[in-house]
Amino acid sequence: MNARLKFVLITVATVIAVAITASLGLWQLSRAAEKQARQAARDAQSAKFPLDAAGVRAAPDPMALLHQRARLRGTWVADTVLFLENRPMDGRVGFIVLMPFVLEGPGRTVLVVQRGWAPRGFEDRTLLPHLETPTGVVEIEGRLALPPSDLYALGNPTVGPIRQNLDLPQWRVETGLPLLPITLQQTGASESGLLRDWPVVNLGVDKNYGYAVQWFGMASVFVVLYVWFQIIRRFYSRPRNTSPDA
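In this text, all values refer to a predicted model and were calculated from it rather than measured experimentally.

**Looking at a nonpolar patch on the surface**
Together, Val221, Val223, Leu225, Val227, Trp228, Phe229, Ile231, Ile232, Phe235 and Tyr236 give the surface a local cluster of nonpolar side chains, amounting to about 920 Å² of exposed area. Mapped onto the elements, Leu225 comes out in helix H4 (residues 205-237).

**Here's the deal with the pattern of salt bridges**
The full count for this structure, using the stated rule, is five salt bridges. As a salt-bridge pair, Glu34 and Arg31 come within 3.5 Å of each other at their nearest N and O atoms. Taken together, the positions of Glu34 and Arg31, both in helix H1 (residues 3-46) and three residues apart, correspond to about one turn of that helix. When the shortest N-O distance is used, the salt bridge between Glu85 and Arg120 registers 3.5 Å. One end of the pair, Glu85, is in strand E2 (residues 82-89); the other, Arg120, is in the loop between strand E4 (110-119) and strand E5 (138-145), with 35 residues separating them in the sequence.

**Comments concerning the packing of H1 against H4**
Contact geometry of H1 with H4 gives a least axis separation of 8 Å together with a crossing angle of 160°. Comparing the axis directions of H1 and H4 gives the class roughly antiparallel. Regarding H1 and H4, the two cross each other, and that crossing is left-handed. Each residue belonging to the contact of H1 with H4 can be placed in one class, and the counts come to 20 nonpolar, eight polar and three charged.

**Quick word on the pairing of strand E1 (residues 69-76)**
Alignment of E1 against E5, held across six bridges, turns out to be antiparallel. Paired with Gly74 across the strands is Val138, a residue of E5. Two elements, E1 and strand E3 (residues 92-103), share three bridges in a ladder whose sense is antiparallel. Each bridged residue has a counterpart across the sheet, and for Gly74 the counterpart in E3 is Leu103.

**As for the packing of aromatic side chains**
For any pair of aromatic rings, the description consists of the separation of the ring centres together with the inter-plane angle of the planes. Summed over the entire model, instances satisfying the criterion amount to three aromatic pairs. Summarising the aromatic geometry, the rings of Phe7 and Tyr226 are spaced 6.4 Å apart at their centres and angled 35° between planes, so their arrangement reads as tilted. Of this pair, Phe7 sits in helix H1 while Tyr226 sits in helix H4, placing them 219 residues apart in sequence. The class for Phe7 is partly exposed, based on a relative accessible area of 27%. Since its relative accessible area comes to 16%, Tyr226 is described here as buried. Measuring from centroid to centroid gives 5.8 Å for Phe83 and Phe95, while their planes differ by 75°, and the two rings are edge-to-face. Linking Phe83 in strand E2 with Phe95 in strand E3, this pair joins segments that are 12 residues apart in sequence.

What counts, and at which threshold
Residues numbered from 1 in each chain as written. Predicted model: local features only at pLDDT ≥ 70, side-chain atom pairs only at ≥ 80, totals over all residues. Heavy atoms only, no water. Patch = residues over 30% accessible without salt bridge, like charges linked within 9 Å, V, L, I, M, F, W, Y side chains within 5 Å. Areas by Shrake-Rupley, 256 points an atom, 1.4 Å probe, with all protein chains shown as cover. Salt bridge = Lys/Arg side-chain N within 4 Å of Asp/Glu carboxyl O. Helix = DSSP H or I, 4+ residues; strand = E, 2+ residues; numbered from the N terminus. Axes fitted to C-alpha atoms, helices over the stretch in contact; angles between N-to-C directions. Parallel < 35°, antiparallel > 145°, perpendicular 65-115°, else oblique. Left-handed = near helix turned anticlockwise from the far one by under 90°. Nonpolar A, V, L, I, M, F, W, Y, C, P; charged D, E, K, R; others polar. Pairing = 2+ DSSP bridges. Phe/Tyr/Trp six-rings, centres within 6.5 Å; stacked < 30°, edge-to-face > 60°. Buried < 20%, exposed > 50% of the residue type's maximum accessible area, 1.4 Å probe, protein only.

Here it is in structure tokens:
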């Protein structure tokens, strides 16, 4: 392979490498911008005045209420409880306690409430924590959220009070309740020793910026290596014309 063809191939390969790594860096920046926009939308939702039961019932699309605060009056369906197992909080493994809550007012609007987190028994995994559930009309507060994320589970959805995941359609059928597709992560004073240190959602913007720096750094390395080996060294390695001896 002659030197000119080798120079052309190296130049083309460098251009392709720089284009690919730089485009990946730009893609990571665009992902970071998307996540920042989503975070801004969440913050705007959280800053709104808390919803009441009438506001939840009147929403044509309950999913549009996600991340809003709510202060709701209604009654607990105390005989219907789910314990989602293998859910960590503060470095410990336990249950997320779910219970339906019938909103006060006309109609029968039922919201699944994440009442809090309870530790599980080490000696008997089937031992359930004792829950104190107020009777009659009560007021609760919290943040509207998606149901708890699913964990990997083998086989079909389970039944009984202890489950790996919440299957809302299945629970609607089992309870006969018109459960909304969103839940409420309850906040405020805890009952029955339930913890409510709900994790703050981290969209990972810093990670995208870190990846972008890495990709742009690789593009810069390709450029520096090309300039050094294909331009500077080639220039200084050229034979110099020398004048004949006198």
